[in-house]
Amino acid sequence: MTVPILEQELFEEGKLESGYVIMFEMGDSESHSFPSAFPSPCPICGSAEGPRDLCPLALDGVERIYQLAECGACRTRFLNPLPSDDELNQFYSPHYYGSDWYKHEGKGREFGRVMLSRDLKGKFLDVGCSLGFFLNGVRQSSGWQVYGTEISAEAAAFAHDKLGLEVRCGTLGGLNYPDSFFDYLHINNVLEHVKDPSGFLKECRRILRQGGRCYLSVPNGPVESAGFLNYYQIENQPVRARNGHLYFFSQAALRFLFQETHFRIVSSRTYGLRRGLRALGYLPQKPGWKKHYRTHAVVPVQSSIQLPARKKRLPGYYAFRFWQQRLKMLPGFWKFGLDFEIILQAD
Ligand SMILES: [Zn+2]
C-alpha cells in the first residue's frame, strides 16, 4: 500500500497534523445528516449493539460521503459504510511517489540488523511493501529471504522489475501463500486500511509458522480520530480523511483482534507522543492545522512512477535516525500517543 509510507513521511517532516479536542458545546448550526449503513453486528467485536454516527467523512477522489461510526461495545471507530473496491481504487490512484524512498531503504537496513535474528536466515514478508525500498534494505543487511505483497500494480511492478524483489501484487488473502510459510511478518500501517481486519490477521496467522513474529504498527484510533471530531465541531463540514484509514482501533479492539486470531503480544511501544498530545488538546495545535481536514479538488493522477535523485548522506545517518526514533518511543500502550508498535508472536 502506498499511502501509509507517505503519511509517515509527512508526519516526520511535520507537514501532517492531527487536530485537537476542544471541550465546548456544539453550536446551533445545522448538522449534516447522512443515513447510517453500518453493518451489524460490529465487524471487530461482534457486538449487536449498533453504531453511533459521529461525523461525516470524505475520501479524496470519491463522491460518496461516509460516516465515522463508533461501536458502543469495543469503541472502534470506522467508515460507515465501508468503501466499495471501486471507491478504494479511486482513492489509491498513483500520485504518491514523489518522496525520499531511499530513507526507507536505510530504515530497512537498520530493521534487518536490529530486529531480525542473525542465526535464523528465515523468510520475511513485508505486507503492503509499496515500492520495496524497505524490503530491499532488509535484504541487504540481514541475509533473510525477503518477500513482499502490494495491492498497487505500479508499485509492485517497480519493486519486482527495478529492485529485483520477490514482490507479488494482490491482497494478502488472494495470494495464497502456503501454511506456516513465513518466519516474520512486517505490517507497517496496513491493518487500518483493510476492510476485514479480523480476516486479514487470521490470514497472517495462517501463513506464519508457530512461534514466528509479527511486527505491527497501527495508529491509536481514539487519538487519530479526535482531529476529525474537532474539525467537524468547528467547521460543520465533512472532514477529509486523507489517509484512507477505514478503521480507528481502540486498545480494547486490538487486544480482542489479537486474541481472536491467536497472536500473543510480546511487546508494545507508543510513539507520536507530541502529535498525540496536540490531538488531545494537551499541547497547542500548530497554526493551519485545519487545512489538513478540509476537502479540496483532487490532484490529477500521475500514471508513471518517477523518483527523485538519491540524496548523498553521511555514513551512519540511517542508523542515527533509526535509534533517534526508537528512543522517542515509550514502552507499553499509552492513551496519548498517536501510534503503536506491537510485536506479536504466533501461538
Ligand atoms: Zn465493536
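Every value quoted in this text rests on a predicted model; they were computed, and no experiment measured them.

S.K.: Help me understand the overall build of the protein chain in this model?
M.R.: Looking only at helices and strands, one finds eleven helices and 13 strands in the protein chain. Looking at the protein chain as a whole, 43% of its 347 residues are labelled buried. For the protein chain, long-range pairs separated by at least 24 residues make up 78% of all intrachain contacts whose partners lie at least 6 apart in sequence.

S.K.: Could you clarify how one ought to interpret unusual backbone geometry in this entry?
M.R.: Excluding glycine, residues mostly carry a negative phi; peptide bonds, for their part, are mostly trans. N80 connects to P81 through a cis peptide bond whose omega is 0°. Its place among the elements puts P81 in the loop between β3 (77-80) and α2 (85-91). Here S130, not a glycine, exhibits a phi torsion of approximately 55°, which is positive. Mapped onto the elements of the fold, S130 is located in the loop between β4 (123-127) and α4 (133-142). Even without a glycine there, the phi angle at N236 is positive, about 55°. Take N236: it is sitting in the loop between α8 (221-235) and β9 (239-240).

S.K.: When you look at the environment of Q67 in this model, what are you seeing that I'm missing?
M.R.: Tracing the backbone shows Q67 in strand β2 (residues 65-71). For the pair formed by Q67 and N80, sequence separation is 13 residues and the distance between their alpha carbons is 4.9 Å.

S.K.: Explanation requested: α8 in the structure shown.
M.R.: Because each turn of an α-helix spans 3.6 residues, side chains separated by three or four positions end up pointing in the same direction. Taking 1.5 Å per residue as the helical rise, α8 with its 15 residues ought to reach 21 Å, and the 22 Å between its terminal C-alpha atoms agrees with that figure. Among the 15 residues in α8, eleven count as buried, and that is most of the element. Among all positions in α8, only G221, P222, V223, E224, S225, A226, G227, F228, N230, Y231 and Y232 are buried. Directly beyond the C-terminal end of α8, a positive phi value near 55° is found at N236.

S.K.: Would you mind going over the sheet that holds β3 with me for this structure?
M.R.: The pairing of strands in a sheet comes from backbone hydrogen bonds and takes either a parallel or an antiparallel form. Strand order in this open sheet of five strands is β9-β1-β2-β3-β10, and the pairing throughout is mixed. Either end of the sheet is taken by a strand with one partner, and the two such strands are β9 and β10 (247-248). In terms of strand pairing, β3 meets β10 through two bridges, oriented antiparallel. What sits directly across from R77, in β10, is F248.

S.K.: Would you take a moment to explain the pairing of strand β8 (residues 208-219) for this structure?
M.R.: When a strand is regular, its side chains alternate between the sheet's two faces. Pairing between strand β7 (residues 182-188) and β8: six bridges, direction parallel. Each residue of the ladder has a partner; that of H186, found in β8, is Y215.

S.K.: Whenever I open this one, the nonpolar core confuses me. Can you help?
M.R.: In summary, soluble globular proteins display a tendency toward joint burial of nonpolar side chains. Formed by 67 residues in total, the largest nonpolar core has its most connected members in L57, A159, L185, C214, F228 and V239. Other than its neighbours up to four places away in sequence, A159 contacts C129, L131, G132, G148, E150, L165 and V167. Judged by nonpolar contacts, the second largest core, of six residues, contains A279, L280, F336 and L338.

S.K.: I tried to follow the sheet that holds strand β13 (residues 339-346) on my own but got confused; where do I start?
M.R.: If you trace the eight strands from one edge of the open sheet to the other, you get β6-β5-β4-β7-β8-β13-β11-β12, paired in mixed fashion. The sheet is open, and its two edges are formed by β6 (166-169) and β12 (330-331), each paired on a single side. Across five bridges, the pairing between β4 and strand β5 (residues 145-150) is parallel. Note that in β5 the partner of K123 across the bridge is Q145. Strands β7, β8, β11 (263-271) and β13 of the sheet are contacted by helix α7 (residues 197-207), whose axis makes an angle of about 145° with β8.

S.K.: Looking at this structure, I do not really get the packing of helix α3 (residues 102-115) against helix α11 (residues 317-327). What am I missing?
M.R.: Geometry of a packed helix pair, given as the angle between the helix axes and the separation of the axes. Close contact between α3 and α11 brings their axes to 9 Å; oriented N to C, the two are set at 75°. Classified by the angle between their axes, α3 and α11 sit roughly perpendicular to one another. Residue-level inspection shows K103, G106, K107, R109 and E110 of α3 in contact with α11, the latter providing Y318, A319, R321 and F322. For the contact of α3 with α11, the residue count by class is three nonpolar, one polar and five charged.

S.K.: Sorry, what's going on with the pairing of strand β1 (residues 51-58) here?
M.R.: Note: β1 against β2, seven bridges, orientation antiparallel. The residue of β2 that forms the bridge with L57 is Y66. Remark: six residues form the turn of the hairpin made by β1 and β2, two consecutive strands paired antiparallel; G61 in that turn has positive phi of roughly 80°. Looking at chain direction, β1 and β9 are connected through two bridges and run parallel. Counterpart to A58 in the pairing with β9 is R240.

S.K.: Where do I start with the confidence of the model for the protein chain in this structure?
M.R.: The predicted coordinates should not be examined in detail at positions where pLDDT is low. Of the residues in the protein chain, 85% reach a pLDDT of 70 or more, and the chain-wide mean stands at 84. In the model, residues 1-36 has pLDDT below 50 throughout and makes 76 contacts with residues more than four positions away in sequence or in other chains.

S.K.: What exactly am I supposed to notice about the environment of G272 here?
M.R.: Relative to the elements of secondary structure, G272 occurs in the loop between β11 and α10 (273-279). C-alpha of G272 to C-alpha of F340: the two residues are 68 residues apart in sequence and 8.5 Å apart in space.

Rules and cut-offs
Residues numbered from 1 in each chain as written. Predicted model: local features only at pLDDT ≥ 70, side-chain atom pairs only at ≥ 80, totals over all residues. Helix = DSSP H or I, 4+ residues; strand = E, 2+ residues; numbered from the N terminus. Buried ≥ 20, exposed ≤ 12 C-beta atoms within 10 Å, placed from the backbone. Contact = placed C-beta atoms within 7 Å. Expected span 1.5 Å × (residues − 1). Pairing = 2+ DSSP bridges. Core = buried A, V, L, I, M, F, W, Y, C linked by C-beta atoms within 7 Å. Axes fitted to C-alpha atoms, helices over the stretch in contact; angles between N-to-C directions. Parallel < 35°, antiparallel > 145°, perpendicular 65-115°, else oblique. Nonpolar A, V, L, I, M, F, W, Y, C, P; charged D, E, K, R; others polar. pLDDT = per-residue confidence, 0-100.

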